[in-house]
Amino acid sequence: MPRLYGDTDKFGEQNNTPVVEAFHGAIRALVRQKLAASGKSWNDFVFGDAVSSITAEDFRAIDQRLLDYGHRYVWSALVSQQERPEAYTAAQGVGEDLATFSFEHPEAPTAAVDAEGRELRGCGDNVVRYDEDLIGTARYVRSSATVLNYLQNGVPPGTIAVIDDSGGTLTAPILEQFTGVICAGGTVRSHLGILTREYGIPCFMNSKISGIREGDTVRLECTATAKTADAYQKGIEMTGRVWRLSK
Amino acid sequence: MNLTYAQLLETNNLIQQNTDETYWLCLTRTVQESKLFPVSPYMILSYFMCFYRYPALLRKIEQHMRAEDIGDRARNMGIKIQNPSMGWCLPSFYLLGREYLITMGLIRPQDAVEDVVYVMDFWKRYELAWHRNDGHLTNRDFGHRAQVLPERRLQIFHADMYDCVEGDPLHTAAQAFMAATSQYGFLVSCESRIALHNQGPYKLDDEREMIVRDFMDLAEGDYPWLDGVAADMPYNNLTVPMAVKGVHFNIIDDWGSFESQPEFKSEHVVGVGLYTSDTLSEGYIPVGMGSREELTRTFNELAEKAKDATNKLWKRIAGWSRDQMMDAGAITYFSIVKDLAHVAGCYEMEDWMLIDQRAERFRPLLNDEYSNMALWEILGPLSNPCQRTNEYQLCQHANIPARMYSLIPYTILKDGDYTATVGDLQPGITYLPPKEDRYRTTRGVLPLADYNRHARDFTPTVCDDNNRWLCESWLKYHHDTPAAEALYRAEQQHSRVLKDKGAGLRRADVEHLRGK
């Protein structure tokens, strides 16, 4: 079997992640095989046979091989999971299981109910500092079906959206109607952070929360200092707290 | 092409500059993610498209207009060949595609060398022209600043903007417009921020700075997914010069985003204006700038149109398949430099709105997990084998022995063991509905053939042979000449405050005039 240019790499080692290493290793093996089969020099092969003989079917087989080993891909766009449920890990908290679902971050700070009836359930990076804390009703927004429902029927007043998408597109048509946002991902400079700032909606990004269920009354400490770019670069913790209020 | 040592030295330097800046941008900016769009998969697909198509498309464009001439045109309007498109995306999307193929063993660093040299040279010439007034290659080169506009345009933005304070109707309307249009821009661009651009800062006085914010590709135009839903958007590009007080913009980067000290908030905005422009306009055309009330009303109307288009577009996208989302995202990224072809008058839908078949092959690999991890490895730890260098090395910003983009080996100058090019354009495919032949321009909604013809026939006055060399350095010493006077008057033709005021004004004069 012919050797590839990278086979004599003095410094290169394996990729960090198993999926990438598995895919890239399989592709390199495929290229060696196709190069040998072509009988051509590399220079004649690279933009000729390498393009025509290495096909989508070859790449599909590489993807399938990992599934056959029992691997299931972690999804990030819900459409990926919905179109290929057999290839991805299960989606939770996007359907009928919503009533019992909650984000569970292992580093979420928690504490028992205090004298004011506040139960600490997490923290987040405050996008903008406001004069008063915010109290509202937690409602998970994790799928386009939920967004469409709110788009057609309106977002209930006082909704603090609990989201794990730091982007600005999933909630685009209803974002302005939220009273507040708790986002489990991103930073204050994520698209969602940028947009909530523009709309003047209190928002925590990179939130680490635990045990907050659909319909819980929550309080956001958005009087906390807004997290700065400098704090991110230097790894300085600068968070506001999230409480669940006693019913 | 006879490759020379000097060419390779320069090309490798340009590659390295992109390596250094890309790492910094990724380190200090945020990840881009979405539960709606498969973002990482479409990004990687787009990088392959860029590698296979940019060389042929850029050569095609230069058959009509040179890169540096397009840069001159772009410097005088707010279209989508500023940042991040040209400052970062053109070279880095192309180099990311190349790097993925290298690490997969599908090409070597010395493959498609003439393409690499050409693409980087195109980028350099364009950037130097676009940055002509500040004399830099990139914002990075300028310590993260972009002072692109000439004095004559800055004077008009300064003179004609309306003062505002937080809570007044104009301030409220401008803020609502920018929020709604930013959100619409993210959706149009499939979660990327490439519909937005900021340049500056420009100093208005000791307390105030001005940044110029562009919102681009808002109307029915190149993107098939805007057909119908954006029919009511009356402008494809909108520019908002914005005066701020009490903050200094210390970073305007090559992604067109900014940072300030102290942190910028809407309360800092003390003046706004509104303009549109495109390939067919004589620079910037005022929008709703006849009076404060008209501008307030215009901002409010445009915000409502942006919200309406957002709702319609969101419903369309929510019904898409993953392949359609992949196509739209990849096309958005790949076509980020498409306005080069519009300026040159050679834009073709098939060139820019289809997935090249050589890139399309890779789609089955691009599941969410692989794509997220592959993107992280190439941009974060730089852990692909081809990115690792000898252990003595400390790369800029990360202090690890790695280089994001592989350099071209110099041995090819002696042994000739390299390949020149990926070849000509090849067919493409798409899962999206076909593009309708409607393009919103400043001369109305045109079919593409007319749009291209008008672009080829048109030279803005400030770019014609009489004016294009009247640079800021020359104007400093010749502001009292008829040529300078004519140039400033041409720029001032639509100005409410400065019409026919000519070339002799200084900043304090402008401030005095706007107070009258």
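Because the structure is predicted, anything quoted here is derived from the model rather than measured.

Enquirer: An account of the nonpolar core is needed here, citing residue identities and associated values.
Expert: Residues Tyr-54, Phe-177, Tyr-184, Trp-225, Phe-299, Leu-340 and Trp-352 of chain B are the most contacted members of the largest nonpolar core, which totals 223 residues. Top contributing element to this core by residue count: helix α2 (residues 39–62) of chain B, with 15 residues. Other than its neighbours up to four places away in sequence, Phe-177 of chain B contacts Phe-215, Leu-238, Val-240, Leu-274, Phe-299, Leu-302 and Ala-303 of chain B. Counting residues in each nonpolar core, the second largest holds 16 residues, with Phe-204, Val-218, Leu-220 and Cys-222 of chain A among its members.

Enquirer: A description of helix α6 (residues 151–160) of chain B should follow, citing residues and the corresponding values.
Expert: The buried fraction of α6 of chain B amounts to 9 of the 10 residues, a majority that puts the element mostly inside the structure. Those residues of α6 of chain B that fall on the buried side of the exposure criterion are Arg-152, Arg-153, Leu-154, Gln-155, Ile-156, Phe-157, His-158, Ala-159 and Asp-160 of chain B.

Enquirer: Please give an account of the interface of chain A and chain B that cites residues and values.
Expert: Every contact between the two is made by 74 residues of chain A and, on the other side, 77 residues of chain B. Taken together, both faces of the contact between chain A and chain B bury some 6400 Å²; the carbon and sulfur share is 57%. Linking chain A with chain B are 4 salt bridges, by the criterion used here. The salt bridge partner of Glu-198 of chain A is Arg-213 of chain B, with a shortest N-O separation of 3.5 Å. Taken together, chain A and chain B are joined by 39 residue pairs in polar contact (both at pLDDT 80 or more). Of all the secondary structure elements, the ones that give two or more residues to the side of chain A that touches chain B are α1 (18–38), α2 (42–45), α3 (49–53), α4 (56–68), α5 (78–83), α6 (144–153), α7 (191–199) and α8 (229–234) of chain A. Among the elements that take part in the side of chain A that touches chain B, α1 of chain A stands out by supplying 7 residues, more than any other. Residue composition of the side of chain A that touches chain B, by class: 38 nonpolar, 23 polar and 13 charged.

Enquirer: Requested: an account of the layout of surface pockets, with residues and values cited.
Expert: Volume-wise, the second largest pocket comes out at about 1100 Å³. Taken together, 44 residues line the second largest pocket, and the ones lying closest to its centre are Arg-197 of chain A together with Phe-258, Glu-263, Phe-264 and Lys-265 of chain B. Of the residues contributing to the lining of the second largest pocket, the split by class is 17 nonpolar, 13 polar and 14 charged.

Enquirer: Describe the packing of aromatic side chains, and please don't skip the residues or the numbers.
Expert: Residues and elements named next belong to chain A. If you walk through the whole model with that rule in mind, you get 35 aromatic pairs over all chains. The interplanar angle of 55° and the centroid separation of 5.7 Å between the aromatic rings of Trp-42 and Phe-45 together place this pair among those described as tilted. A residue pair is termed a helical-turn pair when its members lie 3 or 4 positions apart in one helix, as Trp-42 and Phe-45 do in helix α2 at 3 residues. Each member of the pair Trp-42 and Phe-45 is classed as buried.

The rules behind each value
- All residue numbers here refer to positions counted from 1 along the written sequence of the relevant chain.
- Chain labels run from A onward and ligand labels from 1 onward, assigned in the order the entries are written.
- Local features in a predicted model are, by the rule used here, given only for residues with pLDDT of at least 70; side-chain atom pairs are given and counted only at 80 or more, and totals for whole chains, interfaces and linings are based on all residues.
- Excluding hydrogens and water, the side-chain values take into account all heavy atoms of the structure.
- As used here, the term nonpolar core means buried Ala, Val, Leu, Ile, Met, Phe, Trp, Tyr and Cys residues forming a set that is joined through side-chain atoms within 4.5 Å.
- The classification of residues rests on relative accessible area computed with a 1.4 Å probe and restricted to protein chains. Under 20% of the type maximum is buried, over 50% is exposed, and intermediate values are partly exposed.
- Counting from the N terminus, the helices are DSSP H or I runs at least four residues long and the strands are E runs at least two residues long.
- A contact between two residues is defined here by any heavy atoms of the two lying within 4.5 Å.
- What gets called buried area is simply the loss in accessible area from a 1.4 Å probe that two parts show on being joined, summed for both.
- By definition here, a salt bridge exists when the distance from a side-chain nitrogen of Lys or Arg to a carboxyl oxygen of Asp or Glu is within 4 Å.
- Pairing of N or O atoms within 3.5 Å defines a polar contact, subject to two protein rules: one partner must be a possible hydrogen donor and the other a possible acceptor, and residues neighboring in sequence count only if both atoms are side-chain atoms.
- By the convention adopted, Pro, Cys, Tyr, Trp, Phe, Met, Ile, Leu, Val and Ala count as nonpolar, Lys, Arg, Asp and Glu as charged, and the other residues, Gly among them, as polar.
- Using a 1 Å grid laid over the protein atoms alone, points where a 1.4 Å probe fits but cannot get out form a cavity; open sets with protein on both sides within 12 Å along at least 5 of 7 lines form a pocket; any residue with an atom within 4 Å of a point counts as lining.
- Grid points are joined across faces, edges and corners, and a volume is the space filled by probe spheres set on the points.
- Ring geometry is summarised as follows: Phe, Tyr and Trp rings, the Trp one being its six-membered ring, pair when their centres sit within 6.5 Å, and such pairs are stacked at plane angles under 30 degrees, edge-to-face over 60 and tilted between the two.

None of this, on its own, says anything about what the molecule does.
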